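Close look at the chain arrangement
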Amino acid sequence: KANRFFHPEDSVITVKNESFGGDHFTVIAGPCSVEGPQQIEQIAMDVKKAGAAMLRGGAFKPRSSPYSFQGLREDGLELLKEAGRKSGLPIVTELMSVQHLEAFMEEVDVIQIGARNMQNYELLKEVGKTGKPIILKRGLAATIEEFILAAEYILDEGNGNVILCERGIRTFEQYTRNTLDLSAVPILKKLTHLPVIVDPSHASGIWWLVEPLAKASMVAGADGIMIEVHNDPAHAKCDGEQSLKPEKFKHLMDSLRELGTVI
Ligand code: PEP
Ligand code: MN
């Protein structure tokens, strides 16, 4: 069902007044985690002013260590919804368990399935039964074929609103957190009709690599990017090293506009 052969036109997925796919570039920005009302509302206003189309923020966090900050969970979800209402930006947040799906059905505009859950087939089937736009992130060690087959689980349940997200894969390279597989962008665009976005923040793990990788993603034909932005990266509860300050994010947006059409 993802196969371009049977569906030659690009799919365009609408989210409120914004969309993924087509000839423009969609920018999602926000903190790794929602940390409190001021933090998320301030970042929402900052990224909106810089021109982001959507607000991201993790409430349920898939952390490698159980001793790391796990997110504000239900409270974080409510704070993100409130920041979405106040800023008018559609919101994107990660669902880790079907247990929380009901709370996501109201007001969460785009459900993210994280890299660690790319092959959680029962979760994929459940989000496939909703009509919600789903950002499916590539697994840490998933091949392109496995990635497309994971999307197929959602599509096969009747939900065609799947956005693929390349977020870096594990390689022997240690300098960066992951290795951005930029070739996945044109390959996924060739094999499927789904919108493809890139997350250069998790792919690199390093804030100063985010801008060049974001620009490269646009030039490679991606339909958008997801960028981590934090008002105080040094004190972020999660992923501060890869987060852009709002002024750096604005710089990134300006340089993307020089390369193409950003919404
Ligand atoms: C995230 O987007 O916050 C995240 C945890 O990403 P990934 O699933 O790609 O690691
Ligand atoms: Mn993160």
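The model shown is predicted, which means the values in this text are computed figures rather than measured ones.

1. Some thoughts on the site of ligand 1
All residues in the neighbourhood of ligand 1 are listed as Cys32, Gly58, Pro62, Gly114, Ala115, Arg116, Lys137, Arg167, Asp199 and His202. Of the residues assigned to the shell around ligand 1, the class counts are three nonpolar, three polar and four charged.

2. Points about the packing of helix H4 (residues 121-128) against helix H5 (residues 144-156)
At a minimum axis distance of 7 Å, the contact between H4 and H5 shows a crossing angle of 40 degrees. One way to sum up the angle between H4 and H5 is to call them oblique. With respect to the hand of their crossing, H4 and H5 are arranged in right-handed fashion. Contacts between H4 and H5 involve Tyr121, Leu124, Lys125, Val127 and Gly128 on the former and, on the latter, Ala150, Tyr153, Ile154 and Asp156.

3. Some words on the sheet that holds strand S3 (residues 26-30)
In space, the eight strands of this closed barrel follow the order S3-S4-S5-S6-S7-S8-S9-S10, with parallel pairing throughout. Taken pair by pair, the neighbouring strands of this sheet meet at an average axis angle of 25 degrees, ignoring direction. Here strand S5 (residues 91-94) pairs with strand S6 (residues 110-113) via three bridges, running parallel. Directly across from Val92, in S6, lies its bridge partner Val110.

4. Thoughts on the pairing of strand S7 (residues 134-137)
Residues Ile134 and Leu136 point to one face of S7 and Ile135 and Lys137 to the other, with burial holding for every one of them. Bridging between S6 and S7 involves three bridges; their strand directions are parallel. Considered in S7, the bridge of Ile111 is made with Ile134. Crossover handedness for the path S6 to H4 to S7: right-handed. Bridge count for S7 against strand S8 (residues 162-166) is four bridges, and the pairing is parallel. What sits directly across from Leu136, in S8, is Leu164.

5. Here's the deal with the UniProt feature "domain: DAHP synthetase I/KDSA" (unreviewed entry) in the chain
Here, UniProt's "domain: DAHP synthetase I/KDSA" (unreviewed entry) annotation points to residues 18-260. Split by type, residues 18-260 is 39% helix and 15% strand. Its first and last C-alpha atoms lie 17 Å apart.

6. Details of unusual backbone geometry
Residue Lys16 is not a glycine yet carries a positive backbone phi of 50 degrees. In this fold, Lys16 is placed in the loop between strand S1 (13-15) and strand S2 (18-20). For Lys16, a count of 14 C-beta atoms within 10 Å gives the class partly exposed. Not every positive phi belongs to a glycine, and Arg73 is a case in point at roughly 50 degrees. Looking at where Arg73 falls in the secondary structure, it is placed in helix H2 (residues 73-87).

Cut-offs and rules
- Once a new chain begins, its residue numbering starts again from 1 and follows that chain's sequence as written.
- Throughout, the order in which chains and ligands are written sets their labels, letters from A for the former and numbers from 1 for the latter.
- Owing to the predicted nature of the model, reporting of local features is limited to residues with pLDDT of at least 70; listing and counting of side-chain atom pairs is limited to 80 or more, with chain, interface and lining totals taken over all residues.
- All residues are tested the same way: a C-beta atom is placed from the backbone, and lying within 6 Å of a molecule or strand makes the residue near it.
- Lys, Arg, Asp and Glu make up the charged group, whereas Ala, Val, Leu, Ile, Met, Phe, Trp, Tyr, Cys and Pro make up the nonpolar group; the residues left over, Gly among them, are polar.
- Only the contacting stretch of a helix is used when fitting its axis, a line to C-alpha atoms as for every element, and angles between N-to-C directions run 0 to 180 degrees.
- The numbering of helices and of strands both runs from the N terminus, where a helix is a DSSP run of H or I of at least 4 residues and a strand a run of E of at least 2.
- Oblique is the label for any angle not covered by the other classes, which are roughly parallel (under 35 degrees), roughly antiparallel (over 145) and roughly perpendicular (65 to 115).
- For a crossing to be left-handed, the near helix must be turned anticlockwise from the far one by less than a right angle; the clockwise case is right-handed.
- Here, residues touch in the contact sense if the C-beta positions derived from the backbone fall within 7 Å of one another.
- Here, a strand pair is defined by DSSP locating no fewer than two bridges between the strands.
- Counting other C-beta atoms within 10 Å of its own, a residue is labelled buried from 20 upward, exposed at 12 or fewer, and partly exposed in the gap between, with every C-beta atom placed from the backbone.
- The definition of a right-handed crossover adopted here requires that, viewed with the strands pointing away, the path from the first strand over the helix to the second runs clockwise.
- UniProt positions are given in the numbering used here, feature names are shortened, and annotations may be inferred rather than shown by experiment.

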